[in-house]
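Each chain, letter by letter, is given below.
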Amino acid sequence: MMKPKVAFFDFAGCEGDQLQVANLEEDLLALLGKVDVVCFREVMKECDEDYAIAFVEGSCTRLQDEDRLKRIRENAKIVVAIGSCATIGGINSLRNYKNLDEVRKTVYGEKAKLFDTYEARPIDAVIPVDAYVYGCPIDKDEFLHVVTSLLMGKKPDIPTYPVCVECKKNENVCAFERDQFCVGPVTRAGCDSCCVNEGTICWGCRGLVDNPNENSHKEVLIKYGLTVEEAIGKFKLYFGWQEGKK
Ligand code: SF4
Ligand code: SF4
Ligand code: SF4
């Protein structure tokens, strides 16, 4: 039987998600037994335009990115957004709060005018997306779950509840009880609350959970000692695009 052809593409991002895939080790070999990888810049030179599944990493940050995304959409039966930058706009969206001309000057100096840019956005702001692998970077097991589900023609099972649920199951001491601030109550679970398990907080890299109550959570952050601006700043880190589009 012909193996489905898959391709990986990157837009604005650090390529950390593709690195996660490249680092799958023995699971990568098992995966390669089920699919043919025809384009994956991190690990191979060739790139074929004939593919059934496209994995897209990174945010769309330029008008010309839209043309490339539309070509990918035309070629692929299934498009999967991988990582925060592609799924929710991610950390790239922080710049949307600033004057973009200033941002360009900061990065490119005198050559700023040569570099076209616009508000950073997730790829589903440009093309329809069939499946999402959240996180910054993505979780390897969740990536494998999504790929396996798609190959079986099933909808991937992605949590629709907040990180707090996993955090409580893991019996962590809540960040608020440690005098820290956490956006776990409004963030989509699926990472097994890994950051809190390590003694830190949830920054929200998996994006807003379905039906979050952000206003109420901002009030909690303020109640626990943040200024209004600081509380909003917690939401800007990863939720910038999602919040701005409501
Ligand atoms: S989601 Fe995180 S790991 Fe992935 S490209 Fe963006 S910054 Fe890098
Ligand atoms: S530490 Fe964060 S994720 Fe864990 S229970 Fe507290 S608010 Fe929720
Ligand atoms: S705990 Fe929060 S910041 Fe950490 S991986 Fe999970 S969603 Fe991302």
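Predicted model, so just to flag it, every value in this text is computed and none were measured.

J.: Quick rundown of the overall build of the chain? Include the residues and the values.
T.: Within the chain, the regular secondary structure consists of ten helices and five strands. Here the C-alpha atoms of the chain give a radius of gyration of 19 Å, agreeing with the 18 Å that 2.2 N^0.38 yields for 246 residues. Viewed in the frame of its principal axes, the chain has a C-alpha envelope of about 60 × 50 × 30 Å. The buried share among the 246 residues of the chain stands at 38%. When contacts within the chain are restricted to residue pairs at least 6 apart in sequence, long-range pairs at least 24 apart make up 71% of them.

J.: Hey, could you go over helix α6 (residues 140-151) for me, with residue numbers and the actual values?
T.: Every α-helical turn comprises 3.6 residues, leaving residues that sit three or four positions apart pointing alike. With twelve residues, α6 should cover 16 Å at 1.5 Å per step; its first-to-last C-alpha distance of 17 Å lies within 8% of that length. Listed as buried for α6 are Glu142, Phe143, Val146, Val147 and Leu150. Buried residues along α6 cover an arc of 135 degrees about the axis, so they all sit on one side. Against α1 (16-22), α2 (26-32), β3 (53-57), β4 (78-82) and β5 (131-133) lie the buried residues of α6.

J.: Before we move on, can you summarise the site of ligand 1 with the specific residues and values?
T.: Around ligand 1, the structure places 13 residues, and the nearest of them are Gly13, Gly16, Gly83, Cys85 and Cys136. Broken down by secondary-structure element, the contributors of at least two residues to the shell around ligand 1 are α1 and α4 (84-88). Residues that form the shell around ligand 1 fall into these classes: five nonpolar, six polar and two charged.

J.: Describe the sheet that holds strand β2 (residues 36-39), with residues and values.
T.: Pairing between the strands of a sheet comes from backbone hydrogen bonds, and it takes one of two forms, parallel or antiparallel. Read from one edge of the open sheet, five strands run β2-β1-β3-β4-β5, paired in parallel fashion. In the strand order of this sheet, the two ends are held by β2 and β5, each with one partner. With direction set aside, neighbouring strand axes in the sheet form an average angle of 25 degrees. Against the sheet, helix α3 (residues 63-75) engages β1 (5-10), β3 and β4, with an angle of about 155 degrees to β3. Contacting β3, β4 and β5, α6 crosses the sheet at an angle of about 160 degrees to β5.

Conventions we followed
- Residues numbered from 1 in each chain as written.
- Chains lettered and ligands numbered in written order.
- Predicted model: local features only at pLDDT ≥ 70, side-chain atom pairs only at ≥ 80, totals over all residues.
- Helix = DSSP H or I, 4+ residues; strand = E, 2+ residues; numbered from the N terminus.
- Rg over C-alpha atoms; globule rule 2.2 N^0.38 Å.
- Buried ≥ 20, exposed ≤ 12 C-beta atoms within 10 Å, placed from the backbone.
- Contact = placed C-beta atoms within 7 Å.
- Expected span 1.5 Å × (residues − 1).
- Arc of directions from axis to C-beta.
- Near = placed C-beta within 6 Å.
- Nonpolar A, V, L, I, M, F, W, Y, C, P; charged D, E, K, R; others polar.
- Pairing = 2+ DSSP bridges.
- Axes fitted to C-alpha atoms, helices over the stretch in contact; angles between N-to-C directions.

Purely geometric stuff here, so don't read any function into it on its own.
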